[in-house]
Amino acid sequence: MTKLGNRFLILLLTGTLFSAQAQEPADSTFLTREQRDEELAFIVRQIDSVYIYGHRGASDEEWEKRVEALREKLQAARTQNEYLYALRYTGTLIQDGHFTFPDMSYYNRHRVFLPTDTLFPISIKNWKDGTTFVQRDPTGHLPEDARILRVNGRSAQEMACVMRSIPAWEKDGEGFSIIETGEPAYWYSLMNFLFMEGEQAPYRVEYVLPGSERVDTVTLAGMTRGELREIAKKKRQRSRDDNVWSLFFGDKTISRQRIGAHSAVVSIDYFVGQSPVAMILGLGKKDRRYSRKLRRAMAWVDRNRIDTLVLDISGNGDGMIDNVYKTLNYLTTRSVDANKAYRVTDANREKIKTVIRNTQYDLFGLTPEQQKQMAAYVDSIPDGSFFTTDMVYDLRFRPDSVLKHRYRGQAVYLLTGSGTYSAAQLFAQHFKEQEIGLTAGEPCGGYASISGGNAQWVRLPYTDFSFTIPYSSLRNDVHAPRFEFEPVDIPLQPEPISCEEWLAGKQEEGILPRFLRWLQEQHLSK
């Protein structure tokens with residue numbers, strides 16, 4: 001069975017097992033069954049007319065299953081809040097991290113979550129198969145690593161699997177261990193899952209202590225969201241870089257380390273050099289810090305005569321597209337296809353024109369007049385149709401003919417992993433297409449067709465909720481999309497660890513040390 005099938009089979013099979021117990025008296029008058037169906041139909045129509053990649057590879061049969069599963073959740077709601085909570089299952093429709101609705105703090109930000117809400121007080125951690133353990137119990141009843149079997153008679157492992165199926169990620173958490181932060185503002189947690197599914201205090205917890213096989217039971221009274229928030233604040237440790245300077249000017253997003261006499265690793269954690277806070281406050285319209293950081297890193301590579309360069313973007317999940325091309329400037333002299341696509345509607349037409357006007361098209365050789373012509377062309381695109389930039393000008397990034405510190409060593413490797421997403425995926429694709437070097441590690445975390453961050457806000461007709469639908473792509477591939485994970489040239493799987501080893505603090509070996517061991521083995525074999 002495909003991954004898609006597995007994911008939604010879990011959701012469909014458990015939909016009847018998790019019937020919510022109302023936290024408020026039943027009140028079905030806030031929305032009739034017909035209005036709920038109308039709101040769902042509205043969501044589907046918006047996706048069909050706005051989303052850049054249609055149903056993102058789902059067959060008609062699979063799509064109908066997803067819609068029907070969401071319909072059952074919405075129709076089962078007995079109160080207004082239950083209905084709002086059921087809307088989080090909208091994320092199951094599209095597997096795209098840019099589509100995520102609602103975002104993790106949505107309910108808290110919109111005051112659907114209240115400080116007076118009583119929650120299951122334990123923050124947990126899940127092993128890869130969903131097995132659930134205590135991370136922290138502020139009530140003091142359960143020790144860390146106690147295994148939770150059931151809460152109010154409901155399987156903790158099954159609840160973990162359902163939770164993993166809800167967010168709109170391409171990879172839905174299968175094969176990943178998860179440790180909760182204990183932050184009650186985020187809906188993606190066991191404490192809020194139980195709350196949103198209608199489970200109330202007291203909480204009857206069946207558990208097994210570490211090193212024991214005996215099933216014990218404890219009843220917990222619960223704690224308010226406000227109380228848990230204060231505990232989370234006290235437990236949160238300020239990192240070494242969490243200071244005023246990094247808040248406003250960004251951290252070391254580009255770092256470097258020598259791994260041999262003439263070999264080095266340059267790690268790019270984000271394709272952003274300036275702190276988002278600084279950019280929001282308008283301390284710089286352009287992210288000039290990234291260019292400076294990149295130039296310093298490449299000057300160091302040049303000065304130390306590095307001839308084997310490892311670029312690590314295995315944890316890079318975001319960034320600015322301009323910085324992708326600025327980085328390629330140091331690695332290739334060949335022109336790069338920079339065309340992209342937009343799904344134009346009457347609602348987002350002006351927004352797309354604004355995006356085009358504000359894009360640094362001087363990177364691609366366009367004059368200000370040509371940029372205006374491209375924006376004006378959007379007016380000729382029919383509602384619901386695609387606009388691709390090559391309809392007006394073929395956008396090509398042409399590296400500088402003369403560039404100080406361009407890399408001229410013998411070999412380049414690019415490390416990617418499940419944390420490589422969005423702009424970093426675009427960089428990985430160009431790296432491979434330009435034949436700059438070999439990719440290693442694990443496939444990127446998203447499908448080969450990458451939606452962009454530009455999204456249309458859509459307000460639901462009966463519910464005071466809004467969600468965003470991506471209407472742009474980072475490549476001009478809307479007529480031949482690829483909804484699969486791209487393989488790497490050198491796959492490097494970690495040595496498996498057991499659940500017991502994970503509980504003892506052992507972590508899977510990271511991609512960089514795996515690659516360095518592989519590189520050493522290659523040298524030894526010569």
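As a reminder, the structure under discussion sits directly above these lines.
Below or above, wherever it landed, is the structure these notes cover. Small disclaimer: the values here were computed from a predicted structure and weren't measured. (Residues numbered from 1 in each chain as written. Predicted model: local features only at pLDDT ≥ 70, side-chain atom pairs only at ≥ 80, totals over all residues. Heavy atoms only, no water.)

Description of the packing of aromatic side chains
Inference 1: The tally for this structure, following the rule as stated, stands at 34 aromatic pairs.
Inference 2: The interplanar angle of 85° and the centroid separation of 6.0 Å between the aromatic rings of Trp187 and Tyr188 together place this pair among those described as edge-to-face.
Inference 3: It is Arg225 that lies over the ring of Phe113; its NZ or CZ is 3.8 Å from the centre.
Inference 4: The ring of Phe386 has Arg343 sitting right over it, with the charged end atom 5.2 Å from the ring centre. (Phe/Tyr/Trp six-rings, centres within 6.5 Å; stacked < 30°, edge-to-face > 60°. Lys NZ or Arg CZ within 6 Å of the ring centre and 35° of its normal.)

Notes on the pairing of strand 10 (residues 254-260)
Inference 1: One ladder, built from six bridges, connects strand 10 with strand 11 (residues 263-268); its direction is antiparallel. Bridge pairing in strand 11 links Gly260 to Ser263.
Inference 2: Here strand 10 folds back onto strand 11, and the loop between the two strands holds two residues. (Pairing = 2+ DSSP bridges. Helix = DSSP H or I, 4+ residues; strand = E, 2+ residues; numbered from the N terminus.)

A word on the nonpolar core
Nonpolar side chains in soluble globular proteins tend to be buried together.
Inference 1: Within the largest apolar cluster, 121 residues are counted, with the highest numbers of intra-cluster contacts made by Leu87, Tyr107, Phe120 and Phe427.
Inference 2: Aside from chain neighbours lying at most four places away, what touches Tyr107 is Leu84, Tyr85, Leu87, Arg88, Pro102, Val112, Phe113, Trp187, Met196 and Phe465.
Inference 3: Judged by nonpolar contacts, the second largest core, of 12 residues, contains Tyr413, Leu415, Leu492 and Trp518. (Core = buried A, V, L, I, M, F, W, Y, C linked by side-chain atoms within 4.5 Å. Buried < 20%, exposed > 50% of the residue type's maximum accessible area, 1.4 Å probe, protein only. Contact = heavy atoms within 4.5 Å.)

Observations concerning the sheet that holds strand 10
Inference 1: Judged by pairing direction, the sheet is mixed, and its six strands sit side by side in the order 10-11-12-17-18-22 without closing on themselves. This sheet does not close on itself; its edge strands, each paired only once, are strand 10 and strand 22 (490-491).
Inference 2: By the bridge criterion, four bridges tie strand 17 (residues 411-416) to strand 18 (residues 438-441) in an arrangement that is parallel. Opposite Tyr413, over in strand 18, you have Leu438 as the bridge partner.
Inference 3: Where helix 11 (residues 288-303) meets the sheet, its contacts fall on strand 10, strand 11 and strand 12 (308-312), and the angle it forms with strand 10 comes to roughly 10°. (Axes fitted to C-alpha atoms, helices over the stretch in contact; angles between N-to-C directions.)

Considering the environment of Leu403
Inference 1: Its place among the elements puts Leu403 in the loop between strand 16 (396-397) and strand 17.
Inference 2: Looking at Leu403, the relative accessible area reads 15%, which means it is buried.
Inference 3: Counting along the chain gives 74 residues from Leu403 to Asn329, while the straight-line C-alpha distance between them is 8.2 Å.
Inference 4: Discounting chain neighbours no more than four positions away, the residues touching Leu403 are Asn329, Tyr330 and Arg408.

A word on the packing of helix 12 (residues 321-328) against helix 15 (residues 423-433)
Inference 1: Across the interface, helix 12 lies against helix 15 with an axial gap of 9 Å and an inter-helix angle of 30°. Between helix 12 and helix 15, the angle is such that the two are roughly parallel. In this structure, the crossing between helix 12 and helix 15 has a hand that is right-handed. Mapping the contact onto sequence places Ile321, Val324, Tyr325, Thr327 and Leu328 in helix 12 and Ala423, Leu426, Phe427, His430 and Phe431 in helix 15.
Inference 2: Classifying every residue of the contact of helix 12 with helix 15 by side-chain character gives eight nonpolar, two polar and no charged. (Parallel < 35°, antiparallel > 145°, perpendicular 65-115°, else oblique. Left-handed = near helix turned anticlockwise from the far one by under 90°. Nonpolar A, V, L, I, M, F, W, Y, C, P; charged D, E, K, R; others polar.)

Structural notes on the side chain of Gln456
Inference 1: Position of Gln456 relative to the elements: it lies in strand 19 (residues 455-459).
Inference 2: A polar atom in the side chain of Gln456 sits 3.1 Å from the side chain of Thr345.
Inference 3: For Gln456, the side chain forms a polar contact with the side chain of Asn348, separated by 3.1 Å.
Inference 4: When neighbours within four sequence positions are excluded, Gln456 is seen to be in contact with Gln46, Val50, Thr345, Ala347, Asn348, Phe467, Thr468, Ile469 and Tyr471. (Polar contact = N/O pair within 3.5 Å; in protein donor to acceptor, adjacent residues only side chain to side chain.)

Purely geometric stuff here, so don't read any function into it on its own.
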